[in-house]
Amino acid sequence: MALHRFEKGELGHWLRIVADNCEPGAAQTEVPAQVAQALETLRCIEAGADGRWLITAKGKLSLRMEEPGAIHLR
């Protein structure tokens, strides 16, 4: 099975959705299964006790690296 190939900016987009879904009272946005599987394989997300996806420390770092002000973009 092939791993999902993320386009430029897509990784940050899906990680932001997972992070937003973790917020209390947030409207839940569906993450496609193939994207969730790829993010889990990359260890950017993990399943929580309640079955919802949680962003990992690696996922948070990836989000920071996608931001326009990231040091590698200066």
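Quick summary incoming for the structure in this document. (Residues numbered from 1 in each chain as written. Predicted model: local features only at pLDDT ≥ 70, side-chain atom pairs only at ≥ 80, totals over all residues. Heavy atoms only, no water.)

## Some points on the overall build of the protein
When you go through the protein residue by residue, the secondary structure sums to 3 helices and 2 strands. Taken from N to C terminus, the helices and strands of the protein fall in the order α-α-β-β-α. For the protein, whose C-alpha radius of gyration is 12 Å, the value lies close to the compact-globule estimate of 11 Å for 74 residues. For the protein, the spread of C-alpha atoms along the three principal axes comes to 40 × 35 × 20 Å. Within the span of the protein, comprising 74 residues, buried residues form 30% of the whole. Within the protein, contacts between residues separated by at least 24 positions form 47% of all contacts whose residues are at least 6 apart in sequence. Within the structure as shown, the protein displays about 5300 Å² of accessible surface, and the carbon and sulfur contribution to it stands at 54%. (Helix = DSSP H or I, 4+ residues; strand = E, 2+ residues; numbered from the N terminus. Rg over C-alpha atoms; globule rule 2.2 N^0.38 Å. Buried < 20%, exposed > 50% of the residue type's maximum accessible area, 1.4 Å probe, protein only. Contact = heavy atoms within 4.5 Å. Areas by Shrake-Rupley, 256 points an atom, 1.4 Å probe, with all protein chains shown as cover.)

## Describing the nonpolar core
Generally speaking, a soluble globular protein has its nonpolar side chains buried in company with each other. If you look at the biggest cluster of nonpolar residues, it comprises 13 residues, and the most contacted ones within it are Trp14, Leu15, Val31, Leu39, Ile45 and Ile55. The set of elements that each furnish at least two residues to this core consists of helix H1 (10-22) and helix H2 (33-41). With 5 residues, H1 is the single largest residue contributor to this core. What Leu15 contacts, discounting residues up to four positions off in sequence, is Leu39, Cys44, Ile45, Ile55, Gly59, Ser62 and Leu63. (Core = buried A, V, L, I, M, F, W, Y, C linked by side-chain atoms within 4.5 Å.)

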